[in-house]
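Reading the structure
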Amino acid sequence: DAGITQSPRHKVTETGTPVTLRCHQTENHRYMYWYRQDPGHGLRLIHYSYGVKDTDKGEVSDGYSVSRSKTEDFLLTLESATSSQTSVYFCATVGGGETQYFGPGTRLLVL
Amino acid sequence: AQSVTQPDIHITVSEGASLELRCNYSYGATPYLFWYVQSPGQGLQLLLKYFSGDTLVQGIKGFEAEFKRSQSSFNLRKPSVHWSDAAEYFCAVGHLSGSARQLTFGSGTQLTVLP
């Protein structure tokens, strides 16, 4: 357990509105990740961070931005939500042994 | 590019029966391999991992997996399934890309356990 919390856990929003999801960790881990999970696709990497203010794109980054102003928080922003961004979003951090540990997830519905 | 294939979308077994979930990967170097389990509405929990050494690795909940380099496989096994094992199982390969080690996941195998 890497002490990861995600907020909100559930959100319903409308197309075109901005949405920010928060990931908070208590283990002082350097690396943090955002994934989305969709049926038939497993988990796909959106963005990741390798330190404060250091971020990079993943496989499915279009339409998403991230920020990390302090070690414990990694924010994912949908600037203008679309229905294709309806998904379950997971945050992860890397603990000992290069193993990723996952948060509980956020269910996002874009109407 | 790396990839992971889980050929079985859905598997049904009876409680007490043995289980094998298949995973094939494509990666140019020595892989880091993982199996995760996800119960409904939950996050992913690590079952086991392989980095190097003994190719048969033991995990939590009585699971084991065997790394076979010649077959590019990392199949998950359990000798006797319990009803609580019903969940979705994900295989993943770890690789260095950009500025961090990343995971590429398979699409998952849904396990149903019959009483």
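Heads up: these notes are all about the structure in this document. (Residues numbered from 1 in each chain as written. Chains lettered and ligands numbered in written order. Predicted model: local features only at pLDDT ≥ 70, side-chain atom pairs only at ≥ 80, totals over all residues. Heavy atoms only, no water.)

Quick word on a nonpolar patch on the surface
- A cluster of nonpolar side chains, contributed by A:Val12, A:Leu109 and A:Leu111, occupies part of the molecular surface with about 290 Å² of accessible area.
- Here A:Leu111 lies in the segment after strand 11 (106–110). (Patch = residues over 30% accessible without salt bridge, like charges linked within 9 Å, V, L, I, M, F, W, Y side chains within 5 Å. Areas by Shrake-Rupley, 256 points an atom, 1.4 Å probe, with all protein chains shown as cover. Salt bridge = Lys/Arg side-chain N within 4 Å of Asp/Glu carboxyl O. Helix = DSSP H or I, 4+ residues; strand = E, 2+ residues; numbered from the N terminus.)

A look at unusual backbone geometry
- The step from A:Ser7 to A:Pro8 runs through a cis peptide bond, and the omega angle for that step is -10°.
- Its location among the elements puts A:Pro8 in the loop between strand 1 (4–7) and strand 2 (10–13).
- A positive phi is found at A:Lys53, a non-glycine position, where the angle reads about 70°.
- Assignment of secondary structure puts A:Lys53 in the loop between strand 5 (42–51) and strand 6 (54–57).
- A positive phi angle is found at B:Lys61, which is not glycine, with a value near 60°.
- Its location among the elements puts B:Lys61 in the loop between strand 7 (56–58) and strand 8 (64–68).

Notes on the interface of chain B and chain A
- Facing the 22 residues of chain B at the interface are 23 residues of chain A.
- Linking chain B with chain A are 0 salt bridges, by the criterion used here.
- Along the contact surface separating chain B from chain A lie 4 residue pairs in polar contact (both at pLDDT 80 or more).
- The dominant element in the side of chain B that touches chain A, judged by the number of residues it contributes, is strand 11 (residues 100–105) of chain B, at 5 residues.
- Classifying every residue of the side of chain B that touches chain A by side-chain character gives 10 nonpolar, 10 polar and 2 charged. (Contact = heavy atoms within 4.5 Å. Polar contact = N/O pair within 3.5 Å; in protein donor to acceptor, adjacent residues only side chain to side chain. Nonpolar A, V, L, I, M, F, W, Y, C, P; charged D, E, K, R; others polar.)

Re the nonpolar core
- Ranked by size, the top nonpolar core spans 26 residues in total, and within it B:Leu19, B:Trp35, B:Leu47, B:Leu48, B:Phe74, B:Leu76 and B:Tyr89 carry the most contacts.
- Elements with a minimum of two residues in this core: strand 2 (10–14), strand 3 (19–21), strand 5 (32–38), strand 6 (44–50), strand 8, strand 9 (73–78), strand 10 (87–97) and strand 12 (109–114) of chain B.
- Not counting residues up to four positions away in its chain, the partners in contact with B:Leu47 are B:Trp35, B:Tyr36, B:Val37, B:Gly59, B:Ile60, B:Lys61, B:Phe63, B:Leu76 and B:Tyr89.
- Listed in part, the 20 residues of the second largest apolar core include A:Tyr33, A:Val88, B:Ala92 and B:Ala100. (Core = buried A, V, L, I, M, F, W, Y, C linked by side-chain atoms within 4.5 Å. Buried < 20%, exposed > 50% of the residue type's maximum accessible area, 1.4 Å probe, protein only.)

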